[in-house]
Amino acid sequence: MPIPIDADYARQLDRQDVLARFRDEFVIVDPDLIYLDGNSLGQLPKRCISRMREAVDRQWGERLIRAWGDGWFGAPRRIGSKIAELLGAAADEVIVADSTSVNLFKLVMAALQARPGRTRVVTDELNFPSDLYVLRGALRLAGADYRLEVARANDGMSVSVDTLAGLIDERTALLTLSHTAFKSGYVHDMAEVTELAHRAGALMLWDLSHSIGAMPLSLDEASVDLAVGCTYKYLNGGPGAPAFLYVRRDLQQRLVNPIWGWFGQRAPFDFGLEYEPAAGIAHFLTGTPATLSLLAIEPGVELLLEAGLSRLREKSVQQTEYLIGLWEALLQPLGFTLNSPRDSNRRGSHVSFGHPDGWRIDRALIEEMKVLPDFRYPDNIRFGIAPIYTSFAEIHEAVRRLVAVMTERRYEKYSIERVGVT
């Protein structure tokens, strides 16, 4: 049954939204700006401002180096334990450190060392490109015998379990995928794919950057081995915020962090010349963390825990379904294709629309219409829905403005040449 396409219906949905109050927890300077890029950079939590003032004025300004003992030193584990609640993991299985790419490199090299004699790593072409860069660099270091196998997408937006199974055999050391694909929003079945890797004796490593904070996850229940993810998308941790890594408890002492540093040392303030790894997840730390950026993560995580991931996911599905309904009624007739899965069980919290003039349309939305989505080559305009602050009225208005761009042909004035940041 077609959805109502009038603005009153969107406002009615907002009035029924049990999470609507959380929108006021975020800094919204221009109420006319529609922000649909929270899957790239989340909005600023108001609580983060006061937390940063405390960190700068009192902790750094007054306490100086004493602030390490007041709480800075334990922050990677403290914040990691809160992120663990979002992952369906135990508190001692997650820690915050470095960037997603560095954490991925650490866990890839650790996994290869844990599977001697196996020289194949399997991924898919939906994985985030920088993950593929890290994998190729790590395999080059591992030796000439190592190979990366890349599964092809069946329909341009998804990769089936059968396709992955065709590449996995007794030579496979590691299967590593993005749980939610960055272009299409396709979501793998975590438990099924993890079991596929385990049946072949391989380890499983997930990149959760486009999943965490948008949907409930159950890493321990699915027997996931390893995972990484960023904190600046749905976790609203701030630009360039440190990432997290997960190592299942029974693997922590068996896997070796390839980048040794004093924060991962058993007794760092002994300043011994020999490296002795810390117990548990802590030995996957390396150098001194970017403390201010680290502390900025915590308010956003706390807000998500307060809202509840089940409720956030329910709203996310309702909002993406609503957006797709508007696409069917208003955008499909204008030449837009749906480049995300139609099945909400296989779709994350962003929806991609394809159009041959996607880049120019994206520029018109940003420059003239106060709508901020993002663009992914060759034709994807991504509408990122962050259910903790995105409203139904914003979704409706964004589509209305997109229709205006098309019917008024506003996009035609923009060059096909792309700028550096999209």
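We now turn to the structure provided with this report. Remember, it's a predicted structure, so these values are computed and weren't measured experimentally. (Residues numbered from 1 in each chain as written. Predicted model: local features only at pLDDT ≥ 70, side-chain atom pairs only at ≥ 80, totals over all residues. Heavy atoms only, no water.)

### Focus: the overall build of the chain
At step 1: When you go through the chain residue by residue, the secondary structure sums to twelve helices and 13 strands.
At step 2: Its C-alpha radius of gyration of 22 Å places the chain within 12% of the 22 Å reference for a compact globule of 422 residues.
At step 3: Considered along the principal axes of its C-alpha atoms, the chain spans approximately 70 × 60 × 40 Å.
At step 4: When burial is assessed residue by residue, the chain has 56% of its 422 residues classed as buried.
At step 5: Across the chain, every contact between residues at least 6 apart in sequence was considered, and the portion connecting residues at least 24 apart equals 73%.
At step 6: In the form shown here, the chain has an accessible surface area of approximately 17,800 Å², with 53% of it arising from carbon and sulfur atoms. (Helix = DSSP H or I, 4+ residues; strand = E, 2+ residues; numbered from the N terminus. Rg over C-alpha atoms; globule rule 2.2 N^0.38 Å. Buried < 20%, exposed > 50% of the residue type's maximum accessible area, 1.4 Å probe, protein only. Contact = heavy atoms within 4.5 Å. Areas by Shrake-Rupley, 256 points an atom, 1.4 Å probe, with all protein chains shown as cover.)

### A closer look at the packing of aromatic side chains
At step 1: Scanning all chains against the criterion turns up 15 aromatic pairs.
At step 2: Considering the side-chain rings of Trp-262 and Phe-269, the 5.2 Å spacing of their centres and the 75 degrees angle between planes classify their relative orientation as edge-to-face.
At step 3: Exposure remark for Trp-262: the relative accessible area of 33% places this residue in the partly exposed category.
At step 4: Members of the aromatic cluster, joined through ring pairs, are Trp-68, Trp-72, Phe-73, Trp-262, Phe-263, Phe-269 and Phe-271.
At step 5: For Arg-21, the ring lying beneath its charged end belongs to Phe-22, and the centroid distance is 4.0 Å. (Phe/Tyr/Trp six-rings, centres within 6.5 Å; stacked < 30°, edge-to-face > 60°. Lys NZ or Arg CZ within 6 Å of the ring centre and 35° of its normal.)

### Description of the nonpolar core
At step 1: Core analysis: the biggest nonpolar cluster contains 65 residues, and Ile-83 and Leu-87 have the highest contact counts within it.
At step 2: Counting residues per element, this core draws most heavily on helix H9 (residues 291–307), which supplies eight residues.
At step 3: With residues up to four places along the chain from it excluded, the contact list for Leu-87 reads Val-94, Leu-208, Ile-212, Leu-217, Ser-218, Leu-219 and Phe-244.
At step 4: Membership of the second largest hydrophobic core comes to 34 residues, among which are Tyr-322, Ile-324, Leu-365 and Ala-398. (Core = buried A, V, L, I, M, F, W, Y, C linked by side-chain atoms within 4.5 Å.)

### Regarding the packing of helix H11 (residues 358–368) against helix H12 (residues 392–407)
At step 1: At a closest axis distance of 10 Å, the pairing of H11 and H12 adopts a crossing angle of 120 degrees. If you check the angle between H11 and H12, you find them oblique. Where H11 crosses over H12, the handedness of that crossing is right-handed. Side by side, H11 and H12 meet where Ile-361, Ala-364 and Leu-365 of the first sit next to Arg-401, Leu-402, Val-405 and Met-406 of the second.
At step 2: For the contact of H11 with H12, the class distribution of residues is six nonpolar, no polar and one charged. (Axes fitted to C-alpha atoms, helices over the stretch in contact; angles between N-to-C directions. Parallel < 35°, antiparallel > 145°, perpendicular 65-115°, else oblique. Left-handed = near helix turned anticlockwise from the far one by under 90°. Nonpolar A, V, L, I, M, F, W, Y, C, P; charged D, E, K, R; others polar.)

Any functional reading would require information that these geometric values do not contain.
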